[in-house]
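Descriptive structure summary
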Amino acid sequence: MTSTDPSGPPRPRALAFHGPLGEERAAGLTARLAGHRPATVLDIGCGWGELMLRVLAAVPGARGTGIDLDEQDLARGRALAAGRGLADRVEFLAEEATGTTRGPADLVLCLGASQALTGARPPRLVPEALGELRRLVRPGGRVLLGEGFWERPPAPVELARMWPDAAVSDHPSLPELVDEVVAAGFRPARIETATPAEWEEFESGYREDVEVWLAARPGHPLAAETRDRVDRQRGSWLSGYRNLLGIAYLTLVPQE
Ligand SMILES: C[S@@+](CC[C@H](N)C(=O)[O-])C[C@H]1O[C@@H](n2cnc3c(N)ncnc32)[C@H](O)[C@@H]1O
């Protein structure tokens, strides 16, 4: 390609997951969730649904439904499913997840996507999303929730470097998050949090292909806006939420 290439910057194909989720943790989560032999899996805000596909591959006969609004990520999910011989057991649906009538399912995945379940704003967003997850999981089933929390309360100067209008109320602390889980009618069977290495892999992988694209196309018509965007994203991470924003992976069991 040349600097006059009209196509835009690439999507982040270097990433297996759209979040700070490493291979080791993914393998453990897949094995444990598959161990419950779910017959049905519902993936809320699935993107390309990598973890759902891994669970389906590990549980012969299980059926999956992924819901998202991003057509390109859904198309990637369908292509991955076809490549792994799973196309007849999984649907990737372009649907609004708020108020969804899909489910209930034996296993519900909601990774970085609680905002897809409710129009509520923080601090009500997570409790409302948990209420929806409780509705969507079958008795005896499992929910895997990937959710943000503050490692410590950020100072105003730190919030100002994160994202527009960032506020302490955007996320709970980890103890508050787990309290919200219990209040919604779950027991937290497992509590895991993303490591710094998982964050670095995600943040780098998210922009790696775009940075390489930019380096080769300084005069591309989209170069300036793309450079601004990735510079803002990188600054928001390195000077803002790095070591402050955590991601918890909570394996939840609905309480009878
Ligand atoms: C951070 S991504 C996580 C994707 C995926 N769960 C994963 O971990 O790889 C959040 C996803 O939620 C989806 N989403 C946001 N709002 C939604 C809504 N109202 N209905 C369905 N999907 C939504 C976005 O399109 C996006 O793919």
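Being a predicted model, the structure only gives us computed values, none of them experimental. (Residues numbered from 1 in each chain as written. Predicted model: local features only at pLDDT ≥ 70, side-chain atom pairs only at ≥ 80, totals over all residues. Heavy atoms only, no water.)

Glancing now at the layout of surface pockets. As a volume, the second largest pocket reaches approximately 220 Å³. Ranked by the residues each element gives to the lining of the second largest pocket, the list is headed by helix α7 (residues 196-216), at three residues. Of the residues in the lining of the second largest pocket, the class split is six nonpolar, two polar and five charged. (1 Å grid on protein atoms, 1.4 Å probe; cavity = no way out; pocket = protein on both sides within 12 Å on 5 of 7 lines; lining within 4 Å. Points joined across faces, edges and corners; volume = space filled by probe spheres on them. Helix = DSSP H or I, 4+ residues; strand = E, 2+ residues; numbered from the N terminus. Nonpolar A, V, L, I, M, F, W, Y, C, P; charged D, E, K, R; others polar.)

The subject of this paragraph is the pattern of salt bridges. Counted under the stated rule, the structure contains 18 salt bridges. The residue Glu95 makes a salt bridge to Arg102 at a minimum N-O spacing of 2.4 Å. On the accessibility criterion, Arg102 (31% relative accessible area) is partly exposed. Where Arg135 meets Glu132, a salt bridge forms, and the shortest distance between an N and an O atom there is 2.7 Å. Highlighted residues: Arg135 and Glu132, both in helix α4 (residues 125-136), separated by three residues, approximately one helical turn. Taking relative accessible area as the criterion, Arg135 reaches 41% and is therefore assigned partly exposed. Relative accessible area serves as the criterion here: at 16%, Glu132 is assigned to the buried category. Counted as one network, the salt bridges with shared partners bring together Arg25, Arg32, Arg190, Glu192 and Glu198. (Salt bridge = Lys/Arg side-chain N within 4 Å of Asp/Glu carboxyl O. Buried < 20%, exposed > 50% of the residue type's maximum accessible area, 1.4 Å probe, protein only.)

Empty space left among the atoms is revealed by rolling a probe the size of a water molecule over them. One pass over the structure, following the stated rule, counts one cavity of 30 Å³ or more. In this structure, the largest cavity occupies an estimated 40 Å³ of space. Taken together, Arg11, Pro12, Arg13, Trp48, Gln72, Asp73 and Arg76 make up the full set of residues lining the largest cavity.

Here we come to unusual backbone geometry. Omega for the bond connecting Gly103 with Pro104 falls within 30 degrees of zero, at 5°, which places this linkage in the cis form. Within the secondary structure, Pro104 is located in the loop between β3 (90-94) and β4 (105-111). The step from Pro122 to Pro123 runs through a cis peptide bond, and the omega angle for that step is 5°. On the secondary structure map, Pro123 appears in the loop between β4 and α4. A positive phi is found at Arg37, a non-glycine position, where the angle reads about 50°. Relative to the assigned elements, Arg37 resides in the loop between α1 (23-34) and β1 (40-44).

Here the focus is the packing of α1 against helix α2 (residues 50-58). At a minimum axis separation of 9 Å, α1 and α2 run at an interaxial angle of 50°. Viewed along their axes, α1 and α2 adopt a mutual orientation that is oblique. α2 is crossed by α1, and the crossing has right-handed handedness. Here Glu23, Ala26, Thr30, Leu33 and Ala34 of α1 lie close against α2, whose contacting residues are Leu51, Arg54, Val55 and Ala58. In terms of residue class, the contact of α1 with α2 is made up of six nonpolar, one polar and two charged. (Axes fitted to C-alpha atoms, helices over the stretch in contact; angles between N-to-C directions. Parallel < 35°, antiparallel > 145°, perpendicular 65-115°, else oblique. Left-handed = near helix turned anticlockwise from the far one by under 90°. Contact = heavy atoms within 4.5 Å.)

With that out of the way, let us pick up helix α8 (residues 223-241). Here α8 spans 26 Å end to end across 19 residues, near enough to the 27 Å set by a 1.5 Å rise per residue. Here α8 has its buried residues at Ala223, Thr226, Val230, Ser236, Trp237, Gly240 and Tyr241. Contact partners of the buried residues in α8: α5 (156-159), α7 and β7 (245-254). Directly beyond the C-terminal end of α8, a positive phi value near 70° is found at Asn243. (Expected span 1.5 Å × (residues − 1).)

Not every one of the 15 residues close to the ligand is listed here, only the nearest: Gly45, Asp68, Glu96, Ala97 and Leu111. Between Glu96 and the ligand, the recorded distance is 2.8 Å, taken from a side-chain N or O atom to a nitrogen atom. Between Ala97 and the ligand, the recorded distance is 3.0 Å, taken from a backbone N or O atom to a nitrogen atom. Expressed as a share of its isolated accessible area of 600 Å², the protein-covered part of the ligand is 81%. Here the shell around the ligand is composed, by residue class, of six nonpolar, five polar and four charged. (Near = heavy atom within 4 Å. Polar contact = N/O pair within 3.5 Å; in protein donor to acceptor, adjacent residues only side chain to side chain. Areas by Shrake-Rupley, 256 points an atom, 1.4 Å probe, with all protein chains shown as cover.)

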